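# Per-entry structural report
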Amino acid sequence: MGGHGYSGWWGRMGGPKHRGIVSYQLSPYEMKTNAHLISKGTHNFFRRTSSQLGYILPGVFLFFAVTHYGKKRHEWLNSKAGHAAQHEHEH
């Protein structure tokens, strides 16, 4: 039932060979992770960010509007006028 010893590293488990599966790997010494980071990276950042502003800004504005309203309402409810208005509705 249980395991019967070490069967190999992940991907080389000693089972039957798969056919038709091709995998590629790039050497970490050949990758240029920071190539063109300044010249093309800033342009891509602004291009991608500006294309998403229509999705992001409504939520940001709604969040700040609700937060602003909540803070103002909280301040008013804890003021003298807010206490007086609450006591009028209770009686």
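Residues numbered from 1 in each chain as written. Predicted model: local features only at pLDDT ≥ 70, side-chain atom pairs only at ≥ 80, totals over all residues. Heavy atoms only, no water.

Let us look at the overall build of the protein. Per the secondary structure count, the protein includes 2 helices and 0 strands. For the protein, with 91 residues in total, the buried portion stands at 2%. For the protein, the exposed surface amounts to about 9500 Å²; the carbon and sulfur share of it is 62%. (Helix = DSSP H or I, 4+ residues; strand = E, 2+ residues; numbered from the N terminus. Buried < 20%, exposed > 50% of the residue type's maximum accessible area, 1.4 Å probe, protein only. Areas by Shrake-Rupley, 256 points an atom, 1.4 Å probe, with all protein chains shown as cover.)

The residues that UniProt annotates with the feature "transmembrane region" (unreviewed entry) are residues 53-70. Taken end to end, residues 53-70 is 100% helix and 0% strand, and its two terminal C-alpha atoms sit 25 Å from one another. (UniProt positions renumbered as here; feature names shortened; annotations may be inferred.)

Another aspect to go through is the packing of aromatic side chains. Here the distance between the centres and the angle between the planes together describe a pair of aromatic rings. Considering all chains together, one arrives at 2 aromatic pairs under this definition. Ring centres of F45 and F46 lie 5.3 Å apart, and the angle between their planes is 70 degrees; this geometry places the pair in the edge-to-face category. Here F63 and F64 contribute two aromatic rings whose centre-to-centre distance is 5.4 Å and whose plane-to-plane angle is 70 degrees, an arrangement assigned as edge-to-face. For F64, a relative accessible area of 51% puts it in the exposed group. (Phe/Tyr/Trp six-rings, centres within 6.5 Å; stacked < 30°, edge-to-face > 60°.)

Once that is clear, we can look at a nonpolar patch on the surface. Taken together, the side chains of L53, Y55, I56, L57, V60, F61, F63 and F64 make up a nonpolar region of the molecular surface, amounting to roughly 840 Å² of accessible area. With respect to the helices, strands and loops of the structure, I56 is situated in helix α1 (residues 41-77). Judged by relative accessible area, which is 43%, I56 ranks as partly exposed. (Patch = residues over 30% accessible without salt bridge, like charges linked within 9 Å, V, L, I, M, F, W, Y side chains within 5 Å. Salt bridge = Lys/Arg side-chain N within 4 Å of Asp/Glu carboxyl O.)

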